[in-house]
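Close look at the chain arrangement
Take a look at the letters that make up each chain.
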Amino acid sequence: MNVKYPAARLVAVATGLVLVLGYGVSAQASANGPQTAKGKTREAATHRTSASVTVSACSQKDLGVSAVKEPADSTDARHLLLTVQNAGDKKCNVYRYPLVRLGAGRTMAPVIEDSAPKPGEPVTLAPGQEAYAALLVNSPMDEYEAKSITLSLQGRKPGSTAGKPIDVPMPVDTLYANDGQRVTYWTTAPGYALDFIMSR
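A short note on the sheet that holds strand β8 (residues 161–168)
- Across the sheet, 4 strands lie side by side as β4-β3-β7-β8; this open sheet has antiparallel pairing. Of all strands in the sheet, those with a lone pairing partner are β4 (123–125) and β8, marking the two edges. The sheet shows a mean angle of 40° between the axes of neighbouring strands, taken without regard to direction.
- In the sheet, strand β3 (residues 92–102) pairs with β4 via 3 bridges, with the strands oriented antiparallel. Its bridge partner lying in β4, Val94 is registered against Val123.

Here's the deal with the state of the cysteines
- Under the defined criterion, the tally for this structure stands at 1 disulfide.
- Between the sulfur atoms of Cys58 and its disulfide mate Cys92 the distance is 2.0 Å. Taking the sign of the torsion about the S-S bond as the criterion, the disulfide between Cys58 and Cys92, at about 90°, is right-handed. Of this pair, Cys58 sits in the loop between α1 (7–52) and β1 (63–69) while Cys92 sits in strand β3; the two residues are 34 residues apart in sequence, bridging distant segments of the chain. Pair check on accessibility: Cys58 and Cys92 agree, each one buried.

About the criteria used
Residues numbered from 1 in each chain as written. Predicted model: local features only at pLDDT ≥ 70, side-chain atom pairs only at ≥ 80, totals over all residues. Heavy atoms only, no water. Pairing = 2+ DSSP bridges. Helix = DSSP H or I, 4+ residues; strand = E, 2+ residues; numbered from the N terminus. Axes fitted to C-alpha atoms, helices over the stretch in contact; angles between N-to-C directions. Disulfide = S-S within 2.5 Å. Buried < 20%, exposed > 50% of the residue type's maximum accessible area, 1.4 Å probe, protein only.

These values are about where atoms sit, not about what they do.
The structure is reproduced here in structure tokens:
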């Protein structure tokens with residue numbers, strides 16, 4: 001049986017379908033549009049956050065420190081290899097070179113300027129990784145007895161320090177130091193650091 005509807009009703013139904021379809025498209029666009037925008041915003045924010053994350057300077061809380069004679073069987077302990085190991089669970093940076101004081105020395109050991117493997121760049125240590133600096137204790141001059149080694153870490157800015165001074169375990173009971181002492185920049189290659197002092 002054919003059922004006839006008034007023309008007005010047919011127009012109303014058609015209009016309703018258009019409105020419903022339009023609402024569906026609008027709702028979908030509304031759902032997708034802002035979500036996409038928010039997704040891009042979140043992605044951009046995440047990218048900015050990742051880009052802005054910096055590695056902190058290592059401090060005495062992060063590091064294990066040691067000093068050994070080079071070569072190990074030497075009798076005069078003039079050449080030492082200083083080692084720091086990242087004992088923490090995050091990456092950290094050691095900057096430039098260690099500030100080393102031997103015993104009651106009046107000044108820090110001067111640095112060997114051309115020993116910087118990558119001038120201006122810190123050495124980044126992952127957990128468990130080590131950095132090295134070589135220390136020349138003396139040269140043929142008047143000597144004084146040193147019964148301690150104190151090491152301070154430099155901070156990000158030149159002239160700044162990171163954390164408190166560190167007492168380095170002595171490789172021998174007494175070191176005989178003088179104004180000829182020198183230290184190298186930090187490096188992850190111990191042989192590279194030692195090359196700057198072994199011939200002195």
